[in-house]
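# Structural characterization, general
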Amino acid sequence: MARVPLVPWGAAEWIERVTQRVGGHDDIVASIIGDILQLSRLVEENSAPLHSVPLPRGCCISGIPGTGKTALAQAIADTSGLHSVFVNCPDIFESEEGHSERRLQKLFKACDSHPMSIIVLDEIDVIASKSAAAGGELEAKVYSTLIELIDSLNAVDSTSFAMVIALTSRKASIDAKLLRSGRLDAHYELRIKSPEQRYQVLTIVAKDLPFPPKEREDILQKVARNAHGFVATDLQNVCREAAMQLVIRSERGEQTPLVTMSDMQAILSRSKPSNFTEFQMKIPDITFNDLFGITGVIKQLEASVLMAFNQRKKLEDLGIAPSKGVLIYGPSGVGKTALCSALANAAKVNVMRVECGQLRSKVVGESEVKIARMFEQARLSAPCILFIDQIDILLPQRGTVQTSENSSDRIVTGFLTEMDGFFTKSRSDILLVGVTNRPNLLDNAILRPGRFDDHVYVPPPNDTIRTAIFQGLCRKMPIDITPEQLAYLVRETCDCSGADLESLCREAALLALRQDMHSTRAIDAAF
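Residues numbered from 1 in each chain as written. Predicted model: local features only at pLDDT ≥ 70, side-chain atom pairs only at ≥ 80, totals over all residues. Heavy atoms only, no water.

### Side note on the packing of aromatic side chains
This is how the line gets drawn: Working definition: rings of Phe, Tyr and Trp (its six-membered ring) pair if their centres are within 6.5 Å, and the pair is stacked with planes under 30 degrees apart, edge-to-face with planes over 60 apart, and tilted otherwise. Only DSSP runs of H or I covering at least 4 residues are called helices, and only runs of E covering at least 2 are called strands; the numbering of each starts at the N terminus. Categorising residues by exposure relies on relative accessible area from a 1.4 Å probe, with only protein chains included: less than 20% of the type maximum marks a residue as buried, more than 50% marks it as exposed, and the intermediate range marks it as partly exposed.
Enumeration according to the criterion identifies two aromatic pairs in this entry. The interplanar angle of 65 degrees and the centroid separation of 5.3 Å between the aromatic rings of Phe375 and Phe415 together place this pair among those described as edge-to-face. One end of the pair, Phe375, is in helix H17 (residues 366–380); the other, Phe415, is in helix H19 (residues 407–422), with 40 residues separating them in the sequence. Each of the two residues, Phe375 as well as Phe415, counts as buried.

This is how it looks when you write it as structure tokens:
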């Protein structure tokens with residue numbers, strides 16, 4: 001008689017069942033299911049490797065809150081056909097001595113009567129953190145019990161087998177002994193960073209929302225492209241708010257209300273993603289069309305920066321590594337900051353704009369902690385552009401600022417350390433952009449290739465650039481000006497920056513209004 005398989009379906013069908021419930025993590029789902037199926041086949045066949053080589057005991061899934069760790073583990077367990085145990089680790093602790101350890105042992109022992117089980121340990125950092133391993137008596141005993149139980153799984157003489165799926169949003173706090181080889185040695189990080197992943201999530205969480213006929217897919221695709229940094233729970237909240245609006249419109253008497261793209265855009269504009277913390281992150285509204293006279297600089301940035309995001313496959317085929325960092329420098333008022341905003345808009349990715357004042361602190365060591373948090377948030381928000389304005393204040397040449405704690409030198413060293421560990425092959429979807437009008441003050445180590453690969457100079461406007469700026473501003477503002485007057489203005493503003501020229505046009509328009517409140521054009525006399 002044929003042996004009944006422990007898992008009633010193959011890998012493809014199981015993966016499909018899970019991805020119908022949790023989207024955006026297909027590769028991780030396939031890897032975890034593959035490991036479980038491999039162990040189940042060994043158990044079914046009672047093959048030699050089952051008693052001769054160490055067997056896998058489990059994995060650890062990490063990620064920021066809201067990425068779907070619990071939902072993923074629950075979906076894998078529920079659709080497996082295997083016995084499963086779900087453990088919420090904070091609930092393990094009890095006040096009476098020894099009860100916490102016995103409760104944990106009882107949960108694992110429940111698997112002994114089944115040939116194979118899946119054990120899900122949610123928030124495992126609560127009972128397996130570094131502080132628990134070296135902490136008080138209760139925490140240390142529970143952690144020691146957990147290690148013992150995991151080590152006893154899938155032993156040579158075992159008659160029942162199990163796979164542990166540990167979940168945490170604080171992987172760095174977990175004691176390394178738990179994650180070593182032979183215990184939870186497979187590590188997965190859940191990250192929702194691409195529009196394709198967000199679209200997969202939206203198709204699940206928005207399946208019951210009524211959209212206009214034939215527009216559902218188009219709306220969800222646009223939302224996925226615009227919801228930079230949104231994780232699964234954020235997208236779920238967007239859909240929940242859209243459903244609430246439908247209820248309100250129904251109560252007002254609207255027949256069969258539908259969710260439109262304008263509804264979703266309005267919700268997105270007032271929603272804040274979970275991983276947006278103290279650093280400003282947004283897609284700026286300014287575009288390259290709003291910048292006048294610096295076509296050459298724009299083309300240089302398009303070649304060195306936008307290709308890294310939009311045509312990465314082409315660069316990889318040519319064996320070219322994308323730029324890791326770009327330093328934009330030039331005099332004040334020439335449009336460096338606006339150029340960065342247009343760059344981020346053209347790349348259609350997140351932009352983290354950081355002012356140096358947000359990073360520097362009088363407290364010794366706090367600046368380095370803030371720098372580490374900044375890089376960590378950029379990593380979690382990839383693809384993104386990390387834009388640091390007035391970077392010369394943060395990273396001056398070492399040895400030029402003397403304090404008793406050498407805080408400035410330590411900040412530069414800490415920044416370099418984070419930057420070198422930050423830009424690896426897995427971080428190629430992040431670009432660091434520094435802006436300064438004093439590049440000579442920057443530490444030389446920052447400027448070398450491998451850190452800031454490209455240096456882009458934005459020059460002060462010459463006659464040609466000033467002409468283009470005036471023409472562009474006249475198209476945006478109702479200004480009446482003749483070619484002769486334009487030539488005169490260009491000659492008389494030889495020492496002015498782009499910001500000065502914009503201010504000049506603005507003051508002309510205000511003067512025209514003061515002369516005639518009903519005026520709709522800024523006439524030449526206003527200049």
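### Things to note about the sheet that holds strand E5 (residues 186–189)
Heads up, the rule is: Note: two strands are recorded as paired if DSSP finds a minimum of 2 bridges between them. Angles here are taken between N-to-C directions and fall from 0 to 180 degrees, while the axes themselves are lines fitted to C-alpha atoms, restricted in helices to the stretch in contact.
Here five strands make up an open sheet; going across it, the order is E2-E3-E4-E1-E5 and the pairing parallel. Each edge of the sheet is formed by a strand with only one pairing partner; in this case those strands are strand E2 (83–88) and E5. Looking at each pair of strands side by side, their axes are set apart by 15 degrees on average, direction ignored. Across six bridges, the pairing between E2 and strand E3 (residues 116–122) is parallel. The partner of Asn88 across the bridge, within E3, is Asp122.

### A closer look at the side chain of Thr67
Just so we agree on the cut-off: Any pair of N or O atoms that falls within 3.5 Å is considered a polar contact. Within protein, one atom must be able to donate a hydrogen and the other to accept it, and sequence-neighbouring residues count only if both atoms are side-chain atoms. Note on contacts: a residue pair qualifies if any of its non-hydrogen atoms lie within 4.5 Å across the two residues.
Structurally, Thr67 is set in the loop between strand E1 (58–62) and helix H4 (69–79). A distance of 3.0 Å separates a polar atom in the side chain of Thr67 from the backbone oxygen of Ile64. What Thr67 contacts, discounting residues up to four positions off in sequence, is His25, Leu190, Ile192, Val231 and Ala232.

### Comments concerning the pattern of salt bridges
Note the following rule: Each salt bridge in this description consists of a side-chain nitrogen of Lys or Arg and a carboxyl oxygen of Asp or Glu lying within 4 Å of one another.
According to the stated counting rule, one finds 19 salt bridges in the structure shown. Glu507 is paired through a salt bridge with Arg506; the nearest N and O atoms lie 3.6 Å apart.

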